[in-house]
Amino acid sequence: MPWTVVSPPRPIAGSGQNLAIGAASVASAAFGAGVQMIMVSAMGNCHIALGNAPVATATDLLVKATDPPLLLTIAAGQKLAVIQDGAATGNLNIVQATH
């Protein structure tokens with residue numbers, strides 16, 4: 001079986017957003033046209049949700065502060081929402097990326 005070469009994601013300069021991790025769900029700004037993925041890094045344990053009008057809950061995807069950056073595919077116009085896990089605080093950093 002032949003190998004498929006996959007280029008690593010390239011962060012888009014100036015596209016970063018920091019969302020405060022807290023007891024209420026907070027949504028990012030909409031991701032831009034031409035953006036294929038986002039890199040997510042948490043400074044506190046949290047749960048995240050993606051969508052056009054997302055609201056994160058305690059049963060959504062768990063991202064731990066000890067996890068390496070998470071790479072997620074997205075569509076233009078989508079947003080990411082975050083809420084704390086337990087009593088965790090800190091920021092969730094989101095950087096838009098492309099190939």
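Our subject is the structure listed above.
The notes below deal with the structure included here. (Residues numbered from 1 in each chain as written. Predicted model: local features only at pLDDT ≥ 70, side-chain atom pairs only at ≥ 80, totals over all residues. Heavy atoms only, no water.)

### A few points about the environment of Ser41
The condition that has to hold: Put simply, DSSP marks the helices as runs of H or I at least four residues long and the strands as runs of E at least two long, and each gets a number from the N terminus on. By definition, residues are in contact when any of their heavy atoms lie within 4.5 Å.
You can see Ser41 is positioned in strand β4 (residues 37-42). Through-space distance from the C-alpha of Ser41 to that of Pro68 is 7.1 Å; in sequence the pair is 27 residues apart. With sequence-adjacent residues up to four places away left out, Ser41 is seen in contact with Asn91, Leu92 and Asn93.

### A short note on the nonpolar core
The cut-off we apply is this: In these notes, a set of buried Ala, Val, Leu, Ile, Met, Phe, Trp, Tyr and Cys residues joined through side-chain atoms within 4.5 Å is what counts as a nonpolar core. Here's how the labels work: a residue is buried when its accessible area is under 20% of the maximum for its type, exposed when over 50%, partly exposed in between, all with a 1.4 Å probe on protein chains only.
Among the nonpolar cores identified, the biggest contains 16 residues, and Ile38, Cys46, Ile48, Leu80, Val82, Leu92 and Ile94 are the most heavily contacted of them. Of all the elements in the fold, those that place two or more residues in this core are β2 (17-21), β4, β5 (46-51), β8 (79-84) and β9 (90-98). Among the elements that line this core, the one with the most residues is β4, at three residues.

### Observations regarding the environment of Phe31
Structurally, the position occupied by Phe31 is in the loop between β3 (26-27) and β4. Counting along the chain gives 21 residues from Phe31 to Asn52, while the straight-line C-alpha distance between them is 9.9 Å. Not counting chain neighbours up to four residues away, the residues in contact with Phe31 comprise Gln17, Ile38, Leu50, Ile74, Ala76, Gly77, Gln78, Lys79, Leu80, Ile94 and Gln96.

### What about the side chain of Gln78?
Rule in force here: Here a polar contact is recorded for every N or O atom pair within 3.5 Å, except that within protein the pair must consist of a potential hydrogen donor and a potential acceptor, and residues adjacent in sequence are included only if both atoms are side-chain atoms.
Relative to the helices and strands, Gln78 resides in the loop between β7 (70-73) and β8. Of note is the side chain of Gln78, whose polar atom sits 2.9 Å from the backbone nitrogen of Ala75.

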